[in-house]
Amino acid sequence: MTVLQVSVYERQSQTRMTGNRKTEITGKQQELLKRLPGVDLVLDTISTRKLFTDIPKSVVTAAVRNVINQLRAEIMSNPEYFAETRLSPATVVECVRDAVSAAMALNLDRLINATGVVVHTNLGRSLLSNDALGHMKTVAGHYSNLEFDLATGKRGLRYTVVEDLICEISGAEAAMVVNNNAAAVLLSLDTVARGREVIVSRGELVEIGGSFRIPDVMAKSGGILKEVGTTNRTHRFDYQNALTEETGLLLKVHTSNFGIVGFTKSVSLAELVELGREHHVPVMEDLGSGTFTDFSRYGLLKEPTVQESVATGADIVTFSGDKLLGGPQAGIIVGKAPLIQQIQKNPLNRALRIDKLTLAALESTLRAYRDESLAIRDIPTLRMLTCPIDKIAEKAEALQARLSPVIGESLETAVVDAASRAGGGALPLLELPSKCVSLCAKSLSAKAMETRLRNQRPPIIVRIENDRVLMDMRTVQSDEIETIAEAITRIVNEAEHDPSL
Ligand SMILES: *Cc1c(COP(=O)(O)O)cnc(C)c1O
């Protein structure tokens, strides 16, 4: 071990030495380095010109240092192509300006989703309703009765904020909420199945993005995975034969992000509940992207609802708050009261608990579900998923109309039919008919256009199909059309004036 470390160190220092020998400073480099202004000089210039007065001093100093280091590195690596004009104080200050604005920009910021994926995990999944946003703001800026019972003046439980609502909507006996659905699954398994066997069909051992895999979560929870059946077909007798004294749970997992088609067979939740009752073993269903809405009523594919799982008799049902539900990131656990109580008392729960801002957003989102027409109207995820095609076409035409001044020689656009996706591991096989605005710029490839749109503020995220940029208007909000049009106009004009860009 020690010997190896020494030899690696020696090799590194040798390379460094050879490196040094190679890079002897040339006359041209010496000349340029002499002209390179020092940090203090640039800072003095900035201060006499009263620049960046509202920027923290530390940020300005760091930006100056970075710019000078960058210039020095370029002089060292590529002196022949280094233009001396770049060392003038005015030019250096301009570079500092760029560095300062990059340093002051928020790292997490809004963007425009023109991908057509409604619940896009990389782009923040669900947008909150106005009610949820308002509620979050109130609770964030004031003290609240988060864990305080106003009736008794004594300590209360944060879960009670939403428990009644969740039970009212889902028909469940009891409910609780945690940080996300991964936590809900882990906590439930840890409580019910630690040290015991959990029977799962081989067709349901899913991996969700972000390294959530059923076998790994099972291992972490201390449950012992007992796989049954095959990838495409699992029968009731498979579960039956696997049931022993050691069985602690029958688990059904929603195959959120893939479909098995063809010669298939799976065992329904109803059958599992029947088996579980016969053998006194609880049954849990991880719905993943749980929904309270029967989407088949809106012309979409049928997705199992939370209400159905509860009514079928599952003892525990887990689902996400920010997928098809359209609320904040949260994990919701509903089920039989004694089990939910046990889960609440698990010490692990404290580490996975939901915070007050999420709780506020979740409560307001849930309230909308008391009247489904309100939920569809007010919850952006539901609104986008069920949006009629002519509404989407209107947005596409509005964008195209707004682009008309630049359409012609330099830019071609068209409104084309395309398919959006629900995303978030929901309705995986569903393609939602949608309308896209396609862009074809004379002096920019689709890839270059995509990059430039992504570098706007706010960034505009699009997809490329058949060498065309497509902007799916399902996930574009009406008040974003103007911003997109301005960005495209700017990009096209810049490309026209400098095609080398
Ligand atoms: C998405 C999903 C999860 C994880 O939910 P998060 O809210 O992202 O933690 C777990 N199980 C299934 C089946 C899922 O689809």
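Residues numbered from 1 in each chain as written. Predicted model: local features only at pLDDT ≥ 70, side-chain atom pairs only at ≥ 80, totals over all residues. Heavy atoms only, no water.

Enquirer: Could you give me a rundown of the sheet that holds strand β10 (residues 247-253), with the residues and numbers involved?
Expert: Whether parallel or antiparallel, the strands of a sheet pair through hydrogen bonds between backbone atoms. Judged by pairing direction, the sheet is mixed, and its 7 strands sit side by side in the order β5-β13-β12-β11-β10-β6-β9 without closing on themselves. The sheet is open, and its two borders are formed by β5 (174-178) and β9 (224-228), each paired with just one other strand. Taken over all neighbouring pairs, the strand axes of this sheet differ in orientation by 25° on average, direction set aside. Note: β10 against strand β11 (residues 283-288), 4 bridges, orientation parallel. Bridge pairing in β11 links V253 to D286. The strands touched by helix α13 (residues 337-345) are β5, β12 (316-320) and β13 (331-335); relative to β5, the strand with the most contacts, the crossing angle is about 25°. (Pairing = 2+ DSSP bridges. Helix = DSSP H or I, 4+ residues; strand = E, 2+ residues; numbered from the N terminus. Axes fitted to C-alpha atoms, helices over the stretch in contact; angles between N-to-C directions. Contact = heavy atoms within 4.5 Å.)

Enquirer: Explain the layout of surface pockets to me, and be specific about the residues and the numbers.
Expert: Each pocket or cavity is described by its volume, and for the largest pocket that value is around 930 Å³. Around the largest pocket sit 34 residues that line it, and L123, G124, S126, L127 and L128 are the ones nearest its centre. Taken together, the elements giving at least two residues each to the lining of the largest pocket come down to β1 (112-113), α6 (130-141), α15 (356-368) and α17 (380-385). Partitioned by chemical class, the residues of the lining of the largest pocket number 13 nonpolar, 12 polar and 9 charged. Two domains each put at least three residues into the lining of the largest pocket: domain 2 (112-118 + 386-497) and domain 3 (131-371). As a volume, the second largest pocket reaches approximately 530 Å³. A per-class count over the lining of the second largest pocket returns 8 nonpolar, 11 polar and 7 charged. Of the residues that make up the lining of the second largest pocket, three or more belong to each of domain 2 (112-118 + 386-497) and domain 3 (131-371). (1 Å grid on protein atoms, 1.4 Å probe; cavity = no way out; pocket = protein on both sides within 12 Å on 5 of 7 lines; lining within 4 Å. Points joined across faces, edges and corners; volume = space filled by probe spheres on them. Nonpolar A, V, L, I, M, F, W, Y, C, P; charged D, E, K, R; others polar. Domains from an automatic or database assignment.)

Enquirer: Could you give an account of helix α7 (residues 160-170), with specific residues and numbers?
Expert: Those residues of α7 that sit buried are V162, E163, L165, I166, C167, I169 and S170. Those residues of α7 that are buried are in contact with β5, α12 (306-312), β13, α13 and α15. Backbone geometry just downstream of α7 places G171 in the positive-phi region, at approximately 85°. (Buried < 20%, exposed > 50% of the residue type's maximum accessible area, 1.4 Å probe, protein only.)

Enquirer: Could you give an account of the sheet that holds strand β14 (residues 411-423), with specific residues and numbers?
Expert: The strand order β2-β14-β15-β18-β17 describes an open sheet built from 5 strands, whose pairing is mixed. The sheet terminates laterally at β2 (117-119) and β17 (463-465), the two strands that pair on one side only. Going across the sheet, the axis of each strand differs from the next one's by a mean of 40°, ignoring polarity. Pairing between β14 and strand β15 (residues 432-441): 10 bridges, direction antiparallel. Of the residues in β15, the one forming a bridge with S420 is L432. The strands touched by helix α18 (residues 389-402) are β14, β15 and β18 (468-472); relative to β15, the strand with the most contacts, the crossing angle is about 10°.

Enquirer: I'd like a description of the domain arrangement of the chain, backed by residues and values.
Expert: In terms of domains, the chain is made up of domain 1 (3-104), domain 2 (112-118 + 386-497) and domain 3 (131-371). In this structure, domain 2 and domain 3 have C-alpha centres spaced 36 Å apart. Of the roughly 940 Å² buried between domain 2 and domain 3, counting both surfaces, carbon and sulfur atoms make up 79%. Inspection of the region where domain 2 meets domain 3 yields 0 salt bridges. For the pair domain 2 and domain 3, the number of links is 0 residue pairs in polar contact (both at pLDDT 80 or more). Residue composition of the side of domain 2 that touches domain 3, grouped by class: 6 nonpolar, 3 polar and no charged. (Buried area = accessible area lost by both parts, 1.4 Å probe. Salt bridge = Lys/Arg side-chain N within 4 Å of Asp/Glu carboxyl O. Polar contact = N/O pair within 3.5 Å; in protein donor to acceptor, adjacent residues only side chain to side chain.)

Enquirer: Tell me what's going on with the pairing of β13, and back it up with residues and numbers.
Expert: By the criterion of burial, β13 is predominantly enclosed, with 5 of the 5 residues buried. Side chains G331, I333 and G335 of β13 all project onto a buried face; the interleaved residues I332 and V334 project onto the opposite face, where all are buried too. Pairing between β12 and β13: 5 bridges, direction antiparallel. Directly across from F319, in β13, lies its bridge partner I332.

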